[in-house]
Number of protein chains: 2
Amino acid sequence: MNIASVERDCGLPKDTLRVWERRYGFPNPLRDKQDERLYPADQVATLRLLRRLVIAGHRPGKVVGLPDDQLKKLLEKVGGPDDQPTAHEAKQVLELLRAHDAVGLRNHLNAMVLRAGLGAFASVTGPRLVEAIGLAWSRGGLEIHQEHFFTEQFTTVLRSAINASQGSGFPRARPRVLFGTFPQEPHALGLMMAEAMFTLQGCLGVSLGVQTPIPEIAAAARAHKADILALSFSAIIPAAQASAGLAELRGLVPGTTEIWAGGACSGLRPKPGVHVLRELASIGPAIEAWRARATLTDGSDGPSPGKTDQFASTNQGEQS
Amino acid sequence: MNIASVERDCGLPKDTLRVWERRYGFPNPLRDKQDERLYPADQVATLRLLRRLVIAGHRPGKVVGLPDDQLKKLLEKVGGPDDQPTAHEAKQVLELLRAHDAVGLRNHLNAMVLRAGLGAFASVTGPRLVEAIGLAWSRGGLEIHQEHFFTEQFTTVLRSAINASQGSGFPRARPRVLFGTFPQEPHALGLMMAEAMFTLQGCLGVSLGVQTPIPEIAAAARAHKADILALSFSAIIPAAQASAGLAELRGLVPGTTEIWAGGACSGLRPKPGVHVLRELASIGPAIEAWRARATLTDGSDGPSPGKTDQFASTNQGEQS
DNA sequence: ATGGCGTATTTGTCCAGGACAAAATGGAGA
DNA sequence: TCTCCATTTTGTCCTGGACAAATACGCCAT
């Protein structure tokens, strides 16, 4: 396996792979006749363990080079003790995942949506479930393909629930909302849960999907005459990048378009012209507030700017 | 904009950006105080044009360094003259896209599915539409965000059609099908259209989504006891990589699991243990053939291997 | 003990410029 | 017109050095 394949499969950049080898002596790939690195399968597997540990907060210098069994022992400890209520809710999902029961998983997720209602599912149950699955993965209790499989089923269930709720209710023309993520952000579930929350308020949202270049997001916002630009940030986005990207975006879209940012990214801070919604449940009230502002200013061009800080709730429940 | 951002936004690897600069004198980025490249926005825009031209078959040595207006002139010529029937079908969709009409686009796509029926849509109309949109993009007639937007709407419509058809019809337990793409392949539409074709035959398919590492695909196939592993390849996958990946995968899954590969990738060739389906419409007959083989061998462990070449149709209509 | 702050270490990303194989091109001969 | 071989083009990989941002550590004051 060459260095480009390892980069794709493990998510570790080429430069990082080379510098780990230089500094820590691991990985220790073979070389082909042109002196290019050839990574054996077992080292690639170890690199995947290492990536999980690094994401979980371990420092490369402390863990790179350790034998596999020690790495696995460390992995079991990440994330602290099991969160009881979450564990209970997620337990059955994990069991279905481990049993590879596609039909059962789909039915179970559908039942969860029906029981909780779409609003509670998208703002509370769903995020909690996604977090639990991510935690299980980082502990090594799930294979990558099981996480892919979960994502796919979750997407299907939530998407059809959104579609179903779109026709009903009280559809309103405004605010017009555009959804998207930055190019660094491949995580689609947080975005979709946000979309659900907006849909429940009668907004007909339009999604660009994940990983759209910032100038393109801005161009789309202008083209759609969006009232609100909703961006989702998972924990993997470095705080500085999120901040810089939001500033760039703020400069590219008209002042009448509000920017709402949410997600588990720790570096998300409210700034002039950028609202931060710490949890998905606050989307509903925020839309109501927007509409109140809109009618106040005659509703033709959206609300006037200002009153930013009412969005900066202190709660920090949500995750991507 | 630093080199990593440009890599993400333009899809050109860092090494390529540096070597173009060295060889052709373009791009010609500024430098910050640590002597690192800073790309101005206009050069990034030109790089996007260049990427389109290179994908369309132009050689970097001939086009890198040319002024923007010449590049745009070249872009208008790529893809040959308009394909008349396709152009007619896609015209309204393009108009809706250019008008940023979310509701209209959704309704139009839904109407297309209803008019053609899911089978014809997923195997003929849909691929043709996707190809026309891709062509329009490579000619510069569409912004990136418009293509994202189209993908999102297309996904939503097709996904709900698949869901709706899943309950009805004559669900059969076999064959069990697993869908996925290689890590290099981010294109989800081809995969989903294939999923639709399988679903119409009563298969309850399970999707891993895009970009799953090959060992993980194999692990999932074993875990789900898949009868068929369906892989989608778009034109961006180099022939050699597709071939090598399929060989690797073939060695990792049991002989009772068939591998079916399809898509616009030119390098896709049938080989021992790997079936190539050149067009989506051939999926239906192929499943019937599988079932005939399955009952022949008592249907408990799937059909015996062999009779590979019946799948290697000569037609080449499909695209990813 | 606890919290704030300045210094030291760690870590990821970038650079230059060379090398080479795979792919594409072009020309010669059948 | 087609096939085959030499030549050019092109992308990706290499080494080893550099540096800033992030993180940990030691110190002092409360």
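A brief structural summary. (Residues numbered from 1 in each chain as written. Chains lettered and ligands numbered in written order. Predicted model: local features only at pLDDT ≥ 70, side-chain atom pairs only at ≥ 80, totals over all residues. Heavy atoms only, no water.)

1. Comments concerning the sheet that holds strand β5 (residues 228–233) of chain B
- Reading across the sheet, the five strands line up as β4-β3-β5-β6-β7 (chain B) and stay open at both edges, with parallel pairing between neighbours. Across the chains shown, the open sheet's two edge strands, defined by having one partner strand only, are β4 (206–207) and β7 (274–277) of chain B. (Pairing = 2+ DSSP bridges. Helix = DSSP H or I, 4+ residues; strand = E, 2+ residues; numbered from the N terminus.)

2. Structural notes on the protein's contact with DNA strand D
- Around DNA strand D lies a shell of 23 residues, among which A:R18, A:R37, B:W20, B:R23 and B:G61 are the nearest.
- The share of sugar and phosphate among atoms of DNA strand D within 4 Å of the protein is 69%.
- B:R23 is positioned with one of its side-chain polar atoms (N or O) 2.8 Å from a base oxygen of DNA strand D.
- Here a phosphate oxygen of DNA strand D sits 3.3 Å away from a polar atom, N or O, in the main chain of B:P60. (Near = heavy atom within 4 Å. Polar contact = N/O pair within 3.5 Å; in protein donor to acceptor, adjacent residues only side chain to side chain.)

3. Considerations on the interface of chain B and chain A
- Opposite the 37 residues of chain B that make contact, chain A presents 37 residues.
- Both faces considered, chain B and chain A share a buried interface measuring about 3,300 Å² in area, 55% of it formed by carbon and sulfur atoms.
- Inspection of the region where chain B meets chain A yields two salt bridges.
- Here A:R159 ties to B:E152 by a salt bridge, and the two come within 3.3 Å at their closest N and O atoms.
- Linking chain B with chain A are 14 residue pairs in polar contact (both at pLDDT 80 or more).
- Put simply, the parts of the chain that give the side of chain B that touches chain A at least two residues each are α1 (3–10), α7 (102–116), α9 (144–167), β4 and α11 (214–224) of chain B. (Contact = heavy atoms within 4.5 Å. Buried area = accessible area lost by both parts, 1.4 Å probe. Salt bridge = Lys/Arg side-chain N within 4 Å of Asp/Glu carboxyl O.)

4. Focus on the sheet that holds strand β3 (residues 177–180) of chain A
Residue and element names in this part refer to chain A.
- Judged by pairing direction, the sheet is parallel, and its five strands sit side by side in the order β4-β3-β5-β6-β7 without closing on themselves. Single-partner strands in this sheet number two, and they are β4 (206–207) and β7 (274–277).
- Alignment of β3 against strand β5 (residues 228–233), held across four bridges, turns out to be parallel. Within β5, the residue paired with F179 across the bridge is A230.
- Its contacts with the sheet put helix α13 (residues 283–296) on β5, β6 (258–263) and β7, and the angle it makes with β6 is roughly 170°. (Axes fitted to C-alpha atoms, helices over the stretch in contact; angles between N-to-C directions.)

5. Side note on the pairing of β5(A)
Residues and elements named next belong to chain A.
- Of all the six residues making up β5, six are buried; the element is thus mostly covered by neighbouring parts of the structure.
- Here β5 runs beside β6; their pairing, made up of six bridges, is parallel. Bridged to L231 within β6 is A261.
- For the crossover from β5 across helix α12 (residues 239–252) to β6, the handedness is right-handed. (Buried < 20%, exposed > 50% of the residue type's maximum accessible area, 1.4 Å probe, protein only. Right-handed = clockwise from strand over helix to strand, strands pointing away.)

6. Some remarks on unusual backbone geometry
Residues and elements named next belong to chain A.
- Omega for the bond connecting F26 with P27 falls within 30 degrees of zero, at 0°, which places this linkage in the cis form.
- Of note, P27 is situated in the loop between α2 (14–24) and β1 (30–31).
- Unusually for a residue other than glycine, H100 sits at a positive phi of about 55°.
- Inspection of the secondary structure assignment puts H100 in the loop between α6 (84–98) and α7 (102–116).
- Assessed through its relative accessible area of 18%, H100 is described here as buried.

7. Overview of the environment of B:G167
Residues and elements named next belong to chain B.
- Mapping G167 onto the fold places it in helix α9.
- Taking the relative accessible area as the measure of exposure, G167 reaches 64% and is therefore exposed.
- C-alpha of G167 to C-alpha of T199: the two residues are 32 residues apart in sequence and 9.7 Å apart in space.

8. So, the relation of the copies chain B and chain A
- Mapping chain B onto chain A is achieved by rotating through 180° and translating by 0.0 Å along the same axis, at an RMSD of 0.1 Å. The superposition of one copy onto the other is thereby described by a two-fold rotation axis. Across chain B, the smallest distance between a C-alpha and the rotation axis is recorded for B:S160, namely 3.1 Å. (Least-squares fit on C-alpha atoms with pLDDT ≥ 70 in both.)

9. Some words on the pattern of salt bridges
Residues and elements named next belong to chain A.
- Evaluation of the coordinates by the stated rule reveals 14 salt bridges over all chains.
- Between E7 and K14 there is a salt bridge; the shortest N-O distance is 3.0 Å.
- Ionic pairing is found between R159 and E195, a salt bridge with its closest N-O pair at 3.3 Å. Taken together, the residues span a long stretch of sequence, with R159 in helix α9 (residues 144–167) and E195 in helix α10 (residues 189–200) at a distance of 36 residues. As far as the burial class goes, R159 and E195 line up, both buried.
- Shared partners join several salt bridges into a network, and the residues in it are E21, R31 and R37.

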